[in-house]
Amino acid sequence: MDAQSLTYIFVALSFGLYIGIAIWSRAGSTNEFYVAGGGVHPIANGMATAADWMSAASFISMAGIIAFLGYDGAVYLMGWTGGYVILALLLAPYLRKFGQFTVPDFIGTRYYSTTARVIAVICLILISFTYVAGQMRGVGIVFSQFLNIPIFWGVIVGMAIVFMYAVLGGMKGITYTQVAQYCVLIFAYLVPAIFISMLITGIPIPQIGLGAEVADGSGLSVLDKLDQTLTELGFAAYTQGGKSTIDVFAITMALMIGTAGLPHVIVRFFTVPKVSDARKSAGYALIFIALLYTTAPAVGAFARLNFVETIHNTQYSDVAGWFKSWENIGLIGWEDKNEDGRIQYHPGAPFEGKPTFGPERRADGSRDVLNPPTASDNEVYVDRDIMVLANPEIAALPDWVIALVAAGSLAAALSTAAGLLLVISTSVSHDLMKKTFAKGLTDRQELFYARLAAVTAIGIAGYLGIDPPGFVAQVVAFAFGLAAASLFPAILLGIFDKRMNREGAIVGMLAGLIFTLTYIAYFKFVSPETNTAENWLFGISPEGIGTVGAVINFALALVISRCTAPAPHHVTALVDNIRIPKGVGEPQNH
Amino acid sequence: MNDNNNGYWKANLRLLGILLSIWFTVSFGFGILLVEELNRIPFFGFKLGFWWAQQGAIYVFVALIFIYIHQMQKLDRQYGVSDDEDESSSQEDE
C-alpha cells in the first residue's frame, strides 16, 4: 500500500476516534459546556492542556524554524515552556480559586467594571483569531500535501470535524478528545525522531543523539558536523545565533508571559476540582509538553544535516522525490543560476519573494521560477513549515511513518483550533451577551448563543485558513505579544497587588494592546521594507515587542492606580479569598 | 486578612521568589546572557550554553513546578488552608 492510501486510513481512523469521543461526552449544561463540569482528573487535564497548547506551530513549524535558525530557535523552546512556570506559580491556582468561567470574568469582577470586561473580551478575540488563523493554515498544508486535495476542501473537512466536537461537546467533549489527540500527536512526533536519531547517530533517544557522534566514521558530533558543514557553505555556525542578545531576550520574555496570558490555556485550569489540582495539572501539562519540546531541537538539527547532504551539489534529475513533490505545491523553488544542472545551497534568498512559476517545465522537469534572481550563490527556496512534514521522506523512512506524521499534525492543529474556538464562543455568549448586553438570559439560551458563536467563529477561522495571512509560527508569535502586553499584567496585578484598581487596569491594558498592535502593524503591513534591526525600538523586533508593551502596561497601571481611588472593600476581600486554597467550590455561573 | 493567612501569603511569596530566581537564572542567565561564555565549555558533545538554551532550561522548568507543588502542599497543611477535606486532622494540630 502506498503512503497516500495509508495516510487516508490513519487520518480517517483518528477522525473517527475524535468524533466517537465527542458523541460519548456531549455537554448538557453551560457548566459542562464551559468547564467540563469542573471534574477532570489532573493527568487527563494535563494531557488535554498539552494538546490544546501544542498547536500546528509547535508540531509542524517549530523544528523547521530551529533547523534554519540554529541557536536562535531557543527563543521558542524556552519561551513556550518557561511560560508554564509563570502560569503554574503565579496564575493558575488563584484563577481556579476565583472559580468562574472565563478570563474576562476575572478581569470584570476584579476591576468591578463592565468596561474592563469588554476590553478583556476584545483582547481575547484578537489573540484567539490571530492564533486560530495559524492553525487553519497548518490544516491546509497537511491536506494539500498528503491527501492531494485542494486546500479549500481540506479546510472544509477540518471545520466540519471541529464543529462536531466543539459545538456539540463543548469543553467536556474537547477535553476528552484532546486527551486522544495528545496521544496521537506525541506518538507521531517521537516515532520519526527516534528513527532518524538511530540512522544518524545509532542512539535511539533524540535528546542524547543530538550531542552524540555522527555514525559516519568522521568522529565529529552532530552539532560540530553541522557547524562545519554550514560554515563551509557560507552560513553562520549552527550553535551561534544571528539575532542580537537584546532581541533574543525580548522575544523569549514575550513568549513566556504571552503563554501565561493566553486565554485558551488559562481556561483549562477552571476544569479541575481543586486549587491543588490546578497546580498539579500545570506540572503534568509541562511534562507532556517537554517531551515534544526537548525532541524538537534534535529533529531540527538532524533535518538540517539531512537536508544539506541530500540536496547540495545534487543533479536535479537525481534529487529525491520529496524535493519534487514539495516543488509541485510551490513550497520549494529552484533557479539554476550557474546553469550546471546541479542544486547549490548557500545563505541568502535565491530570488526575490516567494516563488511564482511559469506554466512550462524546464528541460530537466523542474518548475520555471519567474521571480527576478538575486546576486547570491543560493539557488534554493525552502518554506520552513515543510521540514517536519518532509523529514520522514528526507530520511527515507517507511510509508506508515509518513502517514502517522500527517495524522499527528492534524491532531495538533485541530485540538488547538477547537480550544480557541471554544474560548471565543464562551466570551461572546457569557461575557458579552449574558454579563453585558442581555442580562436576563437563561442557561439554555446562553448555551444556544455559545453554540451560535462557535459556528460563526469556525466560519471565520475557515476563511482565514483558505486565505491565510502568513507563516504559521510567525502569525502565532504575534498572538503571544498581544497576550503578553494586554491580559497578563492585568491578571497578575489583580492577584498580587491589592491596591490595583479599575482605572489602572483599564489604562494599562489599552496602552499595552494599542502600542503592541501598532508596532506590529507598522513593521509587518504599513512599511515592511523598514523591518530591519536599525529601525527597531531598542533593537527589538515585532516578535519581541510584546515585552515592551507589557512593561508599559505594568508601569501605567501602577502609577495610575496610586493616583486614583482604591478598589472597594468587597474587591480586596475577594483578593484575600483567592490567595487561600481553602473553601474552593465548583465554577459558578453567576 | 488574619495573621495566619498573612503568614501563609508571606511564606508563599518567599517560595515564589526563590523558584523564580532559579527560573530566570537557567533561561535568561545561562541560556541567553551568559551563552557565549558557557559555550567555551564542552558538555556531552554539546556546547554548554547551547545545551542550556535548547535542553537544560526545559528540564529545570519541569522540576521547578513539581518542587512548587510539593512545597505548597506542605505550606497549605502547615497553615491549615488546604482545600483537601481529608486533611482536616492535620488542621487540628495547629
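Residues numbered from 1 in each chain as written. Chains lettered and ligands numbered in written order. Predicted model: local features only at pLDDT ≥ 70, side-chain atom pairs only at ≥ 80, totals over all residues. Heavy atoms only, no water.

Quick notes on the environment of Gly365 of chain A
All names here are of chain A.
Phase 1: Structurally, the position occupied by Gly365 is in the loop between strand E4 (357–361) and strand E5 (367–369).
Phase 2: According to the relative accessible area criterion, Gly365 is partly exposed, its value standing at 27%.
Phase 3: With 288 residues separating them in the primary sequence, Gly365 and Leu77 have C-alpha atoms 39 Å apart. (Helix = DSSP H or I, 4+ residues; strand = E, 2+ residues; numbered from the N terminus. Buried < 20%, exposed > 50% of the residue type's maximum accessible area, 1.4 Å probe, protein only.)

Some remarks on the nonpolar core
Residues and elements named next belong to chain A.
Phase 1: Counting residues in hydrophobic clusters, the biggest one holds 214 residues, and the most contacted among them are Trp53, Phe59, Leu91, Ile107, Tyr293, Phe323 and Ile491.
Phase 2: The residues that make up this core include at least three from each of domain 1 (3–290 + 394–470) and domain 2 (307–382).
Phase 3: Beyond its immediate stretch of four places on either side in the chain, Leu91 contacts Ile86, Ala260, Phe488, Ile491, Leu492 and Ile495.
Phase 4: Tyr519, Ile520, Phe523 and Trp536 belong to the second largest nonpolar core, which has nine residues in total. (Core = buried A, V, L, I, M, F, W, Y, C linked by side-chain atoms within 4.5 Å. Domains from an automatic or database assignment. Contact = heavy atoms within 4.5 Å.)

Some points on empty space enclosed by the protein
All names here are of chain A.
Phase 1: Going through the model one piece at a time under the given rule, you end up with three cavities of 30 Å³ or more.
Phase 2: In this structure, the largest cavity is lined by Ala188, Tyr189, Pro192, Ala193, Val299, Val388, Asn391 and Val405.
Phase 3: Of all the elements in the fold, those that place two or more residues in the lining of the largest cavity are helix H8 (151–201) and helix H15 (387–394).
Phase 4: Looking at which element gives the most residues to the lining of the largest cavity, the answer is H8, with four residues.
Phase 5: In terms of residue class, the lining of the largest cavity is built from seven nonpolar, one polar and no charged. (1 Å grid on protein atoms, 1.4 Å probe; cavity = no way out; pocket = protein on both sides within 12 Å on 5 of 7 lines; lining within 4 Å. Points joined across faces, edges and corners; volume = space filled by probe spheres on them. Nonpolar A, V, L, I, M, F, W, Y, C, P; charged D, E, K, R; others polar.)

A look at the pairing of E4 of chain A
All names here are of chain A.
Phase 1: As judged from the two bridges shared by E4 and E5, these two strands associate in the antiparallel manner. Directly across from Phe357, in E5, lies its bridge partner Val369.
Phase 2: Following E4, the chain reverses through five residues before pairing antiparallel with E5; Gly365 in that reversal takes a positive phi of roughly 95°. (Pairing = 2+ DSSP bridges.)

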